[in-house]
Amino acid sequence: MTLHATLDANKELVRHITEQGMNRGNTDLDHLFAPDYQVRGAGLSLPPGPSGYYLAIGLWRNAFPDWHVSIEHMVAEGEFVANRFRTTGTHQGPLFGVPPTLRSVEVQGTDMHRIVDGVVVESWISDDVPRIIADLGIGELLAARGAR
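Cut-offs and rules
- Residues numbered from 1 in each chain as written.
- Predicted model: local features only at pLDDT ≥ 70, side-chain atom pairs only at ≥ 80, totals over all residues.
- Heavy atoms only, no water.
- Helix = DSSP H or I, 4+ residues; strand = E, 2+ residues; numbered from the N terminus.
- Contact = heavy atoms within 4.5 Å.
- Phe/Tyr/Trp six-rings, centres within 6.5 Å; stacked < 30°, edge-to-face > 60°.
- Buried < 20%, exposed > 50% of the residue type's maximum accessible area, 1.4 Å probe, protein only.
- Pairing = 2+ DSSP bridges.
- Expected span 1.5 Å × (residues − 1).
- Bend = angle between axes of the 7 residues up to and from the residue.
- Salt bridge = Lys/Arg side-chain N within 4 Å of Asp/Glu carboxyl O.
- Core = buried A, V, L, I, M, F, W, Y, C linked by side-chain atoms within 4.5 Å.

Colleague: Help me out: how do you make sense of the side chain of T87 in this one?
Modeller: Tracing the backbone through its elements, the reader meets T87 in strand β3 (residues 80-90). Ignoring anything within four residues of it in the chain, the contact list for T87 reads W67, H68, V69, V105, E106 and V107.

Here's what the structure looks like:
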């Protein structure tokens, strides 16, 4: 496989896990992740392996059943694929212990994934959580809970 074909395959893998995992909630993607896969992000402490990915997407999909991620730009170099995305959803389930507000959010973020031998071994997630909290109007409630 040529370098260009490998980069294209890596980008397609990221598109696939985004569509199947994030947008459809598919948790039958173990074969696309290394057994010791790591998902990294500010404030995240998730177990290794595909279950870490499922827990990360489950947090958002439980709170926003209509959660949708649109990849707006993607680049690949070596083992890495990075993308800029836009996410939309309606707060219909608990988030950080806050009951549904039924408000909608639209945020942007970036991800970077490291792919080795056709499987994702690491992901770095940069969601705009402060924007989500502001759009939902739950900042003061979360701050008050943290002060207790």
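Colleague: Would you explain the packing of aromatic side chains in this entry?
Modeller: What characterises a pair of aromatic rings is the spacing of the ring centres plus the angle enclosed by the ring planes. Scanning all chains against the criterion turns up nine aromatic pairs. With a centroid separation of 6.3 Å and 65 degrees between ring planes, the pair formed by Y53 and Y54 is classed as edge-to-face. Grouping residues by exposure puts Y53 and Y54 together as buried. Three or more aromatic residues joined by ring pairs form one cluster here, namely F33, Y37, Y53 and Y54.

Colleague: So what exactly am I meant to see when it comes to the environment of L141 here?
Modeller: Relative to the assigned elements, L141 resides in helix α4 (residues 139-147). Residue classification places L141 among the partly exposed positions, given a relative accessible area of 38%.

Colleague: How do you make sense of the pairing of strand β2 (residues 68-77) when you look at a structure like this?
Modeller: As defined by bridge partners, β2 adjoins β3 across nine bridges and the pair is classed as antiparallel. Bridge pairing in β3 places V69 opposite T87. The hairpin formed by β2 and β3 contains two residues between the paired strands, and G78 there has a positive phi angle of roughly 55 degrees.

Colleague: Sorry if this is basic, but what is going on with helix α2 (residues 50-63) here?
Modeller: It helps to recall that an α-helix has 3.6 residues per turn; residues three or four apart then point in one direction. Between its terminal C-alpha atoms α2 stretches 20 Å, which fits the 20 Å expected from 14 residues at 1.5 Å a residue. Of all the bends in α2, the largest measures some 25 degrees and sits at I57. Counting buried positions along α2 yields 10 of 14 residues, so the element is predominantly enclosed. Among all positions in α2, only P50, G52, Y53, Y54, A56, I57, G58, W60, R61 and A63 are buried.

Colleague: It is not clear to me how the pattern of salt bridges should be interpreted in this structure. Could you clarify?
Modeller: A complete count under the given rule lists nine salt bridges for this structure. We note a salt bridge from E12 to R15, for which the minimum N-O separation is 3.8 Å. Of this pair, E12 and R15 are both found in helix α1 (residues 3-23), three residues apart, which corresponds to roughly one turn of the helix. Given a relative accessible area of 37%, R15 falls into the partly exposed group. Each of R40, E79, R114 and E122 takes part in salt bridges that share partners, so that together they form one network.

Colleague: Looking at this structure, I do not really get the side chain of T18. What am I missing?
Modeller: Of note, T18 is situated in helix α1. On the basis of relative accessibility, which here comes to 7%, the residue T18 falls in the buried class. Not counting residues up to four positions away in its chain, the partners in contact with T18 are N23, Y53, V69 and I71.

Colleague: I tried to follow the nonpolar core on my own but got confused; where do I start?
Modeller: Burial of nonpolar side chains together is a common tendency in soluble globular proteins. By size, the foremost hydrophobic cluster in this structure holds 30 residues, and its most contacted members are F33, Y53, F64, W67 and I132. Mapped by element, the contributors of at least two residues to this core are α1, β1 (33-40), α2, β2, β3, β4 (104-116) and α3 (129-136). If one sorts the elements of this core by residue count, α2 sits on top with five residues. When residues no more than four places from it in sequence are discounted, the contact partners of I132 are W60, F64, W67, L95, V105 and V107.

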